[in-house]
Amino acid sequence: MARITIIETGQVPQKYCERHGSFPDMFERMVRAEDPTATVEIVSIPNGDALPDPRNLEAVLITGAAAGVYDGLDWIAPLEDFVRTAYANRTPMVGVCFGHQLIAQALGGTVRKSEKGWGIGRHVYQVLPDNGVVDGEAVAIACSHQDQVMEPPNDALTILSSDFTPHAGLLYANGATLTLQPHPEFDVEFAQVCCELRIGKAPEDVVATARESLAQPMDHAKLGGAITRFLARRSTSSS
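Structure report, in brief. (Residues numbered from 1 in each chain as written. Predicted model: local features only at pLDDT ≥ 70, side-chain atom pairs only at ≥ 80, totals over all residues. Heavy atoms only, no water.)

Things to note about the overall build of the chain
Okay, so step 1: Within the chain, the secondary structure is distributed over eight helices and eleven strands.
Okay, so step 2: Taking 18 Å as the expected radius of gyration for a compact globule of 239 residues, we find that the chain reaches 16 Å, a close match to that expectation.
Okay, so step 3: By sequence separation, contacts in the chain at least 24 residues apart represent 72% of the contacts at least 6 residues apart.
Okay, so step 4: On the chain, the mean spot of the 19 positive side-chain charges and the mean spot of the 30 negative ones are 1 Å from each other. (Helix = DSSP H or I, 4+ residues; strand = E, 2+ residues; numbered from the N terminus. Rg over C-alpha atoms; globule rule 2.2 N^0.38 Å. Contact = heavy atoms within 4.5 Å. Lys, Arg positive; Asp, Glu negative; His and termini not counted. Charge placed at Lys NZ, Arg CZ, Asp CG, Glu CD.)

Given below as structure tokens:
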């Protein structure tokens, strides 16, 4: 039975939270769809929770956030220290969107706002063959971001890529760290909300194309299952 500690780094806008839940709620639904026996605990940075010692945790999942990893907020450096300790300890760890970028930055990569602008809606990512985590040739997943990992850390292997996001999925050399730019925890309805939130920020045609794209088939369950199995590796191997 996996025990996953979700580090909440950002919050769903209040007007959408009642219907869709928090980011940890979304991840919990994703995890439980694959493993109903999994247990989840939440550490909320926005609510002032202290970061635990990752050496005492079975598995870690770092959520998305509206913040940029380069923003210099007072909680980012401690979270980077947390990531480096977890990495050295080989604590199973997954980061999504902001979490993907934060882990890359903490481990020596470069993150910045992309000149390509907003990535929203359904994007298709090519899968590196025989990577050991994600099966198939491609996955279609909702995304919502401007920032990107421009240069991965030396320890990172790119396993998901697209023309828009060349380093959309990274698998790290310690065998226990996986990060993803897109959002397998989103359902289609919340992915539509993310498109609506970009009206007036992203070009109209980008928003319109993104909203239309979400009618096509998605691989959220497939990628969510892969993440859940990855996070359960330590508890599986020790049982």
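Remarks on the packing of helix 2 (residues 23–34) against helix 7 (residues 220–231)
Okay, so step 1: Relative orientation of the contacting elements helix 2 and helix 7 amounts to 80 degrees, with a least axis distance of 8 Å. If you check the angle between helix 2 and helix 7, you find them roughly perpendicular. Judged by residue contacts, Met 30, Val 31 and Glu 34 of helix 2 engage Gly 224, Gly 225, Ile 227, Thr 228 and Arg 229 from helix 7.
Okay, so step 2: For the contact of helix 2 with helix 7, the residue count by class is three nonpolar, three polar and two charged. (Axes fitted to C-alpha atoms, helices over the stretch in contact; angles between N-to-C directions. Parallel < 35°, antiparallel > 145°, perpendicular 65-115°, else oblique. Nonpolar A, V, L, I, M, F, W, Y, C, P; charged D, E, K, R; others polar.)

Points about the pairing of strand 1 (residues 3–8)
Okay, so step 1: The element strand 1 is extensively covered by neighbouring structure, given that five of its six residues are classed as buried.
Okay, so step 2: Pairing geometry for strand 1 and strand 2 (residues 39–44), over six bridges, is parallel. Within strand 2, the residue paired with Thr 5 across the bridge is Glu 41.
Okay, so step 3: By the bridge criterion, three bridges tie strand 1 to strand 3 (residues 60–62) in an arrangement that is parallel. The residue of strand 3 that forms the bridge with Ile 6 is Leu 61. (Buried < 20%, exposed > 50% of the residue type's maximum accessible area, 1.4 Å probe, protein only. Pairing = 2+ DSSP bridges.)

This is a description of form; function is not addressed.
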